[in-house]
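# A closer look at the structure
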Amino acid sequence: MQPLISIILPTYNSDATLSIALSSIVSQVFRNFEVVIIDGQSTDNTIVTIDAYSGSDLNIKWVSEPDKGIYDAMNKGISLASGSWLYFLGSDDYLHDANVFKDIAAILSNTEADFVYGDAIVSSNGQRHDGEVDLMILLTKRNVCHQAIFYRRSVFNKIGLYNLKYPVVADWDFNIRCFQNDDIKKKYITRDIVVFNNVTGVSSLHHTDPFYDMVPATYIKELNKIKQERNDIISSRSYKIGEAIYGLLKRTGIVMLLNKFRN
């Protein structure tokens, strides 16, 4: 049975890029999806563009009202979505090719996973944001692009919604919570899902989110501190003297003799 995929798409004054995102959805071979557009009461022609695509064969439902940012919009989209699987696409991103949903739907129909993710292409340089992650990678190195993730609806019932106190990277916080929960099964696939805009996207603009004062910054700082302490010890004069003495004792056979007595 084909899964219904809800594509949740937040917009705000997105007229310059929205048609590209929607065109990439229109081109999909797989058609069992709905598009849930949550607009933050745009003042440009975003609504005109939405109306134009609503007249196509896209199954679109949308609202336009003030919100508290992109993650508030995404939370609203979750409440309006009907699909068993949820996918979040930025209004300035677009799906990699016409077969993305066809290939993903085949996996979603036959998996016990709740969190299925693939790779993303960075729009500015064409590089791939890819690879399998675990909790430690999320805590110390990088996030998974939310534009490359398909979440089973039950995930949000288990761990809640996006935390609005993180206005820039609440998806990073959310993904960490997913990987902390062993009841949420994860599956990585080597498949390009999206071309995402890393130039004008919210998370690309600034690092003022309080999240950066907590995780993963704290862990990175602690790891760097440990590395520095280790380097300081290795480069110290006393360590080098001790290492030279140990090398001399080892070459003369004294270390081997001492090990025999110790055993």
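See the structure above.
Being a predicted model, the structure only gives us computed values, none of them experimental.

Summing up its helical and strand segments, the chain has 11 helices and 9 strands in all. Across the chain, contacts joining residues at least 24 apart in sequence account for 80% of those joining residues at least 6 apart. A total accessible area of about 13800 Å² is found for the chain, and carbon and sulfur atoms account for 54% of it.

Judged by nonpolar contacts, the single largest core of 35 residues is most densely connected at I25, Y87 and F150. Mapped onto this core, the elements with two or more residues apiece are β1 (5–11), α1 (15–26), β2 (33–39), α2 (46–54), β4 (85–88), α4 (100–108), β6 (115–122) and β9 (186–196). A total of 5 residues in this core trace back to one element, the largest contributor, which is α4. Contact partners of F150, with chain neighbours within four places excluded, come to I5, W85, L86, Y87, F101, I104, L108, D114, F115, V116 and I193. Ranked by size, the runner-up nonpolar core spans 33 residues in total, among them Y71, A81, F174 and C178.

Where α1 meets α2, the closest approach of the two axes is 9 Å, and the angle between their N-to-C directions is 20 degrees. When the axes of α1 and α2 are compared, the pair comes out roughly parallel. Relative to α2, the crossing made by α1 is right-handed. Between α1, through D15, L18, S19, L22, S23 and V26, and α2, the contact on the second element is made entirely by T46, T49, I50 and Y53. Each residue belonging to the contact of α1 with α2 can be placed in one class, and the counts come to 5 nonpolar, 4 polar and 1 charged.

This part is about the packing of aromatic side chains. Scanning the entire structure with this criterion turns up 18 aromatic pairs. Taking 5.7 Å as the distance between ring centres and 85 degrees as the angle between the ring planes, the aromatic pair formed by F88 and Y162 counts as edge-to-face. In this pair, F88 is assigned in strand β4 and Y162 in the loop between α6 (154–159) and α7 (170–180), connecting sequence segments 74 residues apart. When sorted by exposure, F88 lands in the same class as Y162, which is buried.

Glancing now at the pairing of β6. β6 sits mainly inside the fold: 8 of its 8 residues count as buried. Bridge analysis of β6 against strand β8 (residues 149–152) gives 3 bridges, and the strand direction is antiparallel. For F115, the partnering residue across the bridge sits in β8 and is Y151. Bridge analysis of β6 against β9 gives 7 bridges, and the strand direction is parallel. Bridging across to β9, I121 finds its partner in V195. Judged from the 2 bridges that link them, β6 and strand β7 (residues 128–129) form a sheet pairing that is antiparallel. Of the residues in β7, the one forming a bridge with A120 is H129. The hairpin formed by β6 and β7 contains 5 residues between the paired strands, and G126 there has a positive phi angle of roughly 75 degrees.

Okay, α1 next. Taking 1.5 Å as the rise per residue, α1 with 12 residues should run 16 Å; its terminal C-alpha atoms sit 17 Å apart, in good agreement. Every buried residue belonging to α1 is among L18, A21, L22, S24 and I25, and all of these are buried. The arc that holds the buried residues of α1, viewed along the axis, is 155 degrees, so those residues lie on one side. Tucked inside the fold, the buried residues of α1 contact β1, β2, α2 and β5 (94–95).

This paragraph deals with a nonpolar patch on the surface. A contiguous nonpolar patch, built from I233, I234 and Y239 and spanning about 260 Å² of accessible area, is present on the exposed surface. Position of Y239 relative to the elements: it lies in helix α10 (residues 237–251).

Moving on to the pattern of salt bridges. Within the structure shown, the criterion is met by 8 salt bridges. For E34, the salt bridge is made with K61, and the minimal N-O distance between the two is 3.3 Å. Placement of the pair is E34 in strand β2 and K61 in strand β3 (residues 60–64), with a sequence separation of 27 residues. Between K102 and D103 there is a salt bridge, and its shortest N-O distance comes to 3.3 Å. Residue K102 is classed as partly exposed on the basis of its relative accessible area of 37%. Its relative accessible area of 28% is what places D103 among the partly exposed residues. The network of salt bridges with common partners includes D97, K102, D103 and R191.

Parameters at a glance
- Residues numbered from 1 in each chain as written.
- Predicted model: local features only at pLDDT ≥ 70, side-chain atom pairs only at ≥ 80, totals over all residues.
- Heavy atoms only, no water.
- Helix = DSSP H or I, 4+ residues; strand = E, 2+ residues; numbered from the N terminus.
- Contact = heavy atoms within 4.5 Å.
- Areas by Shrake-Rupley, 256 points an atom, 1.4 Å probe, with all protein chains shown as cover.
- Core = buried A, V, L, I, M, F, W, Y, C linked by side-chain atoms within 4.5 Å.
- Buried < 20%, exposed > 50% of the residue type's maximum accessible area, 1.4 Å probe, protein only.
- Axes fitted to C-alpha atoms, helices over the stretch in contact; angles between N-to-C directions.
- Parallel < 35°, antiparallel > 145°, perpendicular 65-115°, else oblique.
- Left-handed = near helix turned anticlockwise from the far one by under 90°.
- Nonpolar A, V, L, I, M, F, W, Y, C, P; charged D, E, K, R; others polar.
- Phe/Tyr/Trp six-rings, centres within 6.5 Å; stacked < 30°, edge-to-face > 60°.
- Pairing = 2+ DSSP bridges.
- Expected span 1.5 Å × (residues − 1).
- Arc of directions from axis to C-beta.
- Patch = residues over 30% accessible without salt bridge, like charges linked within 9 Å, V, L, I, M, F, W, Y side chains within 5 Å.
- Salt bridge = Lys/Arg side-chain N within 4 Å of Asp/Glu carboxyl O.

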